[in-house]
Amino acid sequence: IYGNLKGRYVLLDFFTYCCINCMHILPALHQLELDVPQGLVVVGVHSGKFSNEKNNDNILNAVSRYKITHPVINDQNYEMWNSYSIICWPTLVLINPSGKVVLISIGESDVEKVCQFVKDVVRISPPSELQPVALLPQTDVDGGSGSKKVLSYPGKVHYHIDSNTLFISDTSNNRVLQTNSVGEILHKYPSPDSPPLDSPQGLLVY
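What counts and what doesn't
- In this convention, every chain numbers its residues from 1, walking through the sequence in written order.
- A pLDDT threshold of at least 70 governs which residues receive local features in this predicted model, and a stricter bar of 80 or more applies before side-chain atom pairs are shown or counted, although totals over entire chains, interfaces and linings include all residues.
- Only hydrogens and water are set aside; all other atoms, that is, all heavy atoms of the structure, feed into the side-chain values.
- Here a strand is any run of E in DSSP of at least two residues, a helix any run of H or I of at least four, and the numbering for each starts at the N terminus.
- Residues count as neighbours in contact if any of their non-hydrogen atoms are within 4.5 Å of one another.
- Identification of polar contacts relies on pairs of N or O atoms within 3.5 Å, with a donor-acceptor requirement for protein atoms, meaning one able to donate a hydrogen and the other able to accept it, and with residues adjacent in sequence counted only if both atoms are side-chain atoms.
- For two strands to be treated as a pair, DSSP must find at least two bridges joining them.
- Only the stretch in contact is used when a helix axis is fitted, and all axes are lines through C-alpha atoms; the angle between N-to-C directions ranges over 0 to 180 degrees.
- Only protein chains enter the area calculation, which uses a 1.4 Å probe; residues under 20% of their type maximum are buried, those over 50% are exposed, and those in between are partly exposed.
- Using protein atoms alone on a 1 Å grid, points that fit a 1.4 Å probe yet trap it form a cavity, whereas open point sets bounded by protein on both sides within 12 Å along at least five of seven lines form a pocket; residues with an atom within 4 Å of a point count as lining.
- Grid points are joined across faces, edges and corners, and a volume is the space filled by probe spheres set on the points.
- Residue polarity follows a fixed list, in which Ala, Val, Leu, Ile, Met, Phe, Trp, Tyr, Cys and Pro are nonpolar, Asp, Glu, Lys and Arg are charged, and the others, Gly among them, are polar.
- Here a salt bridge means any side-chain nitrogen of Lys or Arg lying within 4 Å of a carboxyl oxygen belonging to Asp or Glu.
- Nine residue types can take part in a nonpolar core, namely buried Ala, Val, Leu, Ile, Met, Phe, Trp, Tyr and Cys, and a core is a set of them joined through side-chain atoms within 4.5 Å.

## A closer look at the environment of Tyr189
Phase 1 of the analysis: Following the sequence through the fold, Tyr189 ends up in strand β9 (residues 185-189).
Phase 2 of the analysis: Measuring from C-alpha to C-alpha, the distance between Tyr189 and Val176 comes to 5.0 Å, with 13 residues separating the pair along the chain.
Phase 3 of the analysis: Ignoring sequence-local partners within four residues, the contact set of Tyr189 consists of Phe167, Arg175, Val176, Gln178 and Leu197.
Phase 4 of the analysis: Only 3.1 Å separates the side chain of Tyr189 from the side chain of Gln178, close enough to count as a polar contact.

And the structure:
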């Protein structure tokens, strides 16, 4: 571990965006980053299995879709994977400030225990004086056009015959839109006084 990572605890998350178990642990890792803003850096190591998973643009889209705020390395040639003897996704590797591996956790089932261990070890044995590491700003992938898209990774579209309208799960924006046949927005759900949605997918209109 070199550069501005030296002297910090580093948690490597070996993952691939097509692995659902890898996606399951992302909320816990994000909360860990918020809970331990100083002395810890989470780094995603994307070791794709298939050729399309090794593409930088596809990885960037996945980072945006899943709102990953920590740095992500494209380990397309499995250099880091092999150097740490990783055998499956997801695998978490904790490295202490002196550069030694102190924890390896395979799978998603123990992620809460891993996060608690990391918080405890940073509290008990904190690194030297360091400035907090800022989370990366969320990136909107727009193909370089600079335009703001209305939808963010929509999951489902339903055509409602009776009203001649479309209902769209605007998944990454945590909402459902109702539009007319030419795409003009008629209603947004949920309303301000309703409970929030969390990454809506399927639709049932009644």
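## Details of the sheet that holds strand β6 (residues 156-160)
Phase 1 of the analysis: Within the open sheet, the four strands sit side by side as β6-β7-β8-β9. Their pairing is antiparallel. Edge strands, defined here as strands with exactly one partner in the open sheet, are β6 and β9. Mean inter-strand twist for the sheet, computed between neighbouring axes without regard to direction, equals 20°.

## Observations regarding helix α3 (residues 56-65)
Count 3.6 residues to each turn of an α-helix, and residues three or four apart come out pointing the same way.
Phase 1 of the analysis: Every buried residue of α3 is listed here: Ile59, Ala62, Val63 and Ser64.
Phase 2 of the analysis: Each element contacted by the buried residues of α3 is listed here: β2 (40-46) and β3 (72-74).
Phase 3 of the analysis: A distance of 2.9 Å separates the backbone nitrogen of Asp57 from a side-chain oxygen at the start of α3, and that oxygen is part of Asn55.
Phase 4 of the analysis: Within two residues after α3, Lys67 carries a phi angle of roughly 55°, on the positive side.

## Examining the layout of surface pockets
Phase 1 of the analysis: In this model, the largest pocket occupies a volume close to 450 Å³.
Phase 2 of the analysis: In terms of lining residues, the largest pocket is bounded by 18 residues, among which Pro27, Arg65, Tyr66, Lys67 and Ser199 are the most central.
Phase 3 of the analysis: For the lining of the largest pocket, the element with the most residues is helix α2 (residues 26-35), which contributes five residues.
Phase 4 of the analysis: Grouping the amino acids of the lining of the largest pocket by side-chain chemistry returns six nonpolar, eight polar and four charged.

## As for the pairing of strand β5 (residues 101-106)
Remember that side chains alternate between the two faces of the sheet whenever the strand is regular.
Phase 1 of the analysis: Of the pairings in the sheet, the one linking strand β4 (residues 91-95) to β5 comprises five bridges and is antiparallel in character. When the bridges of β5 are listed, Leu94 appears paired with Leu103.
Phase 2 of the analysis: Linkage of β4 to β5, two consecutive antiparallel strands, is achieved through a turn of five residues, within which Gly99 is found at a positive phi near 90°.

## Brief notes about the pattern of salt bridges
When their charged atoms lie close together, side chains carrying opposite charge are able to pair.
Phase 1 of the analysis: Under the definition given, this model contains three salt bridges.
Phase 2 of the analysis: The partner of Lys119 in a salt bridge is Asp35, with the nearest N and O atoms 3.5 Å apart. Here Lys119, found in helix α5 (residues 111-124), pairs with Asp35, found in helix α2; they are 84 residues apart in sequence, far enough to count as distant.
Phase 3 of the analysis: The exposure class of Asp35 is partly exposed, given its relative accessible area of 38%.
Phase 4 of the analysis: Notably, a salt bridge pairs Arg123 with Asp120, separated by 3.5 Å at the nearest N-O pair. Here Arg123 and its partner Asp120 are both found in helix α5, three residues apart, which amounts to about one turn of the helix.

## What about the nonpolar core?
Phase 1 of the analysis: Core analysis: the biggest nonpolar cluster contains 16 residues, and Leu11, Leu32, Leu40, Leu92 and Val118 have the highest contact counts within it.
Phase 2 of the analysis: In terms of residue count, α5 provides more of this core than any other element does, five residues in total.
Phase 3 of the analysis: If we ignore the near neighbours within four places in the chain, the residues touching Leu92 are Leu11, Leu12, Asp13, Ile25, Leu29, Leu103, Ile104, Ser105, Val111 and Val114.
Phase 4 of the analysis: Listed in part, the 11 residues of the second largest apolar core include Val10, Val41, Val45 and Ile86.

## Side note on the pairing of β6
Phase 1 of the analysis: The pairing of β6 with strand β7 (residues 165-170) spans five bridges and is classified as antiparallel. The residue of β7 that forms the bridge with Val157 is Ile168.

## A few points about the sheet that holds β4
Phase 1 of the analysis: Spatially, β3-β2-β1-β4-β5 is the arrangement adopted by the five strands of the open sheet, whose pairing is mixed. In this open sheet, the two edge strands, each paired with only one partner strand, are β3 and β5. Geometrically, the sheet is characterised by an average inter-axis angle of 20° between neighbouring strands, direction not taken into account.
Phase 2 of the analysis: Two strands pair when backbone bridges link them, and strand β1 (residues 9-15) and β2 are joined in this way by seven bridges, in the parallel orientation. Directly across from Asp13, in β2, lies its bridge partner Gly44.
Phase 3 of the analysis: Contacts from α5 reach β1, β2, β4 and β5, with the element oriented near 5° to β4.

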